[in-house]
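A look at the structure
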Amino acid sequence: MSITHDIALVFSPHWSPRIAREVAQNFPDRSRVFTTSREELLDRLPTHPQWVEDFLMWKKKEPCEFYEKIVRKEGLHVITQEDEHYPVLLKEIHDPPILLFVEGNIPSAASWCAIVGSREATAYGKSQAFRFGKEIAEQHIGVVSGLAYGIDEHAIRGACSANGAVIAVLAGGHPCINGREKELRDLIVANKGAVISECIPHTQPQNYFFPIRNRIIAGIAKRTLVIEGKIKSGSLVTAQKALEENREVFAVPGPITSMASAGCHKLIREGATLCTSVYDILNIPNPEEYPAPKAPKNPSQSSSILLRTYGAIGPETSIPKPIQEVLSLPPVQLPTPLHEKLWAFLQQPRMFDSLVEYAQEKGAEVAGILNIWEIEGYLALKNGHYSLVPYEYPPHR
């Protein structure tokens, strides 16, 4: 299959994500679209007879190589779904682009988080966008956004300040952006990131392009974070696209009187995760909210709760070794196989129902153990998930 034919197809009249999906499904080798008969095209694309007729007339005008030259002249390169740099999760959405026009280079990242929000951002929103962009990038998670003013811009600047991986998605084609957007584009490219679009070069963005573009932003990312947005806004469209693809959605709360945050509050009411720090996105306890448990005044004496839970703790059964962050070992000897089973399963955050199902015990038995661990500071319940709390031993006094 030739990338030249993919490029030419995108230039064809009335091309759309829906047509792209059906062409890709019916013609794995897109070069055949240019050589097959009218009857076969109509048979394979029965819902797009007008496009077939327009395409047959259009393909006579110029050879396929003509359109590839246009792209190269703009200094762009093209990646298709078969390219190793094509975003992995984007392939999984309902109607992925058959190709992307790229300025810069698609960076690699452990995963991606979309940050979206209002163009008319408040000072609060801008500061939070920069903060989250920076902190997410510091966790080696890539940031994907639009190239608009407001939240998009400040999230990208924050990520670039940490030398993070950044992708910006255009609603129109290259290079149809204004002066300030060009400065942001240059920052991204200089930071070894990419500005991408599924639109052919010199396509002016239209209002109805933005929801189509938003599916790409949400499609690249495993998580979508909304920072400010009105109830009827493009940010909420992006969040909806993410939910449709079974991706995680987070929302930053704002002042309850601020209409700029009304969309975020709506998302939170409807089940999005309330997000106040990067720890919420990583789904791990915030050490500022869950500090390490304090050491007992006399370490040789355990609390009555620990005695009831684990039995007597002597020199041989005390804490086996220092543990800094990942609690692969318990702080004390566990008295029963059920305790051991739950502790091992809690190496990842778990919901109560999954713990009961995994333990194959009565809910009351499991709840009793979890409650004691939570009281002792070894476990935290947040957003419906139980997580082990990082600690040190001996703890700082």
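Residues numbered from 1 in each chain as written. Predicted model: local features only at pLDDT ≥ 70, side-chain atom pairs only at ≥ 80, totals over all residues. Heavy atoms only, no water.

A few points about the environment of Ile216
- Tracing the backbone through its elements, the reader meets Ile216 in helix α9 (residues 209-220).
- On the basis of relative accessibility, which here comes to 1%, the residue Ile216 falls in the buried class.
- Taking the C-alpha atoms as reference points, Ile216 and Glu198, 18 residues apart in sequence, are found 9.0 Å from one another.
- For Ile216, the contacting residues outside a window of four places in its chain are Leu90, Pro97, Val169, Ile196 and Glu198. (Helix = DSSP H or I, 4+ residues; strand = E, 2+ residues; numbered from the N terminus. Buried < 20%, exposed > 50% of the residue type's maximum accessible area, 1.4 Å probe, protein only. Contact = heavy atoms within 4.5 Å.)

Some remarks on the sheet that holds strand β12 (residues 385-388)
- Pairing is antiparallel across the open sheet formed by 3 strands, whose spatial order is β10-β12-β11. Looking along the sheet, the strands with just one partner apiece sit at the ends: β10 (350-351) and β11 (379-382).
- In this sheet, β12 lies alongside β10 in antiparallel orientation, the contact comprising 2 bridges. Across the sheet, the residue bridging to Met351 is His385, located in β12. (Pairing = 2+ DSSP bridges.)

Things to note about unusual backbone geometry
- Following His174, the chain continues into Pro175 via a peptide bond in cis, with omega recorded as -5°.
- Here Pro175 lies in the loop between β5 (166-169) and α8 (179-190).

Notes on the environment of Arg157
- For Arg157, the position within the fold is in helix α7 (residues 151-161).
- Assessed through its relative accessible area of 24%, Arg157 is described here as partly exposed.
- Placed 28 residues apart in sequence, Arg157 and Ala129 show a C-alpha to C-alpha distance of 8.9 Å.
- In contact with Arg157, not counting residues within four places along its chain, are Phe130, Glu183, Leu184 and Leu187.

What to know about the packing of helix α6 (residues 123-138) against α7
- Viewed as axis vectors pointing N to C, α6 and α7 meet at an angle of 35°, and their least axial separation amounts to 7 Å. Like other packed secondary-structure pairs, α6 and α7 cross with a definite hand, here right-handed. Contact residues: α6 offers Gly125, Lys126, Ala129, Phe130, Gly133, Lys134 and Ala137, while α7 offers Ile151, His154, Ala155, Arg157, Gly158, Ala159 and Ser161.
- When grouped by side-chain class, the residues that make up the contact of α6 with α7 number 6 nonpolar, 5 polar and 3 charged. (Axes fitted to C-alpha atoms, helices over the stretch in contact; angles between N-to-C directions. Left-handed = near helix turned anticlockwise from the far one by under 90°. Nonpolar A, V, L, I, M, F, W, Y, C, P; charged D, E, K, R; others polar.)

Description of helix α5 (residues 64-73)
- Turning to α5, its buried residues number three or more, namely Cys64, Tyr67, Glu68 and Val71. Down the axis of α5, the sector holding all buried residues measures 100°, keeping them to one side. Projecting away from the buried face of α5 at angles above 90 degrees are the exposed residues Lys69 and Lys73.
- The elements touched by buried residues of α5 are α1 (3-11), α4 (49-58), β1 (77-80) and β2 (99-104).
- A positive backbone phi angle near 75° is found at Gly75, which sits one or two residues after α5. (Arc of directions from axis to C-beta.)

What about the sheet that holds β1?
- Pairing is mixed across the open sheet formed by 9 strands, whose spatial order is β1-β2-β6-β5-β4-β3-β7-β8-β9. Each edge of the sheet is formed by a strand with only one pairing partner; in this case those strands are β1 and β9 (273-274).
- Lying over the sheet, α1 contacts β1 and β2, oriented at roughly 100° with respect to β2.

Examining the packing of helix α14 (residues 337-345) against helix α16 (residues 363-375)
- Between α14 and α16, whose axes approach to 11 Å, the crossing angle comes to 65°. For the element pair α14 / α16, the angle class is roughly perpendicular. Viewed along their axes, α14 and α16 form a crossing whose handedness is right-handed. Every residue of α16 that contacts α14 at Leu338, His339, Leu342 and Trp343 is listed here: Glu365, Val366, Ile369 and Trp373.
- Residues belonging to the contact of α14 with α16 are distributed by class as follows: 6 nonpolar, 1 polar and 1 charged. (Parallel < 35°, antiparallel > 145°, perpendicular 65-115°, else oblique.)

A closer look at the pairing of strand β7 (residues 223-227)
- Taken across its 5 residues, β7 has 5 buried, putting it largely inside the fold.
- Pairing of strand β3 (residues 111-117) with β7, which is carried by 5 bridges, proceeds in the parallel orientation. Considered in β7, the bridge of Ile115 is made with Leu225.
- Across 5 bridges, the pairing between β7 and strand β8 (residues 248-252) is parallel. Paired with Thr224 across the strands is Val249, a residue of β8.
- Tracing the backbone out of β7, into helix α10 (residues 234-244) and back to the parallel element β8 gives a crossover that is right-handed. (Right-handed = clockwise from strand over helix to strand, strands pointing away.)

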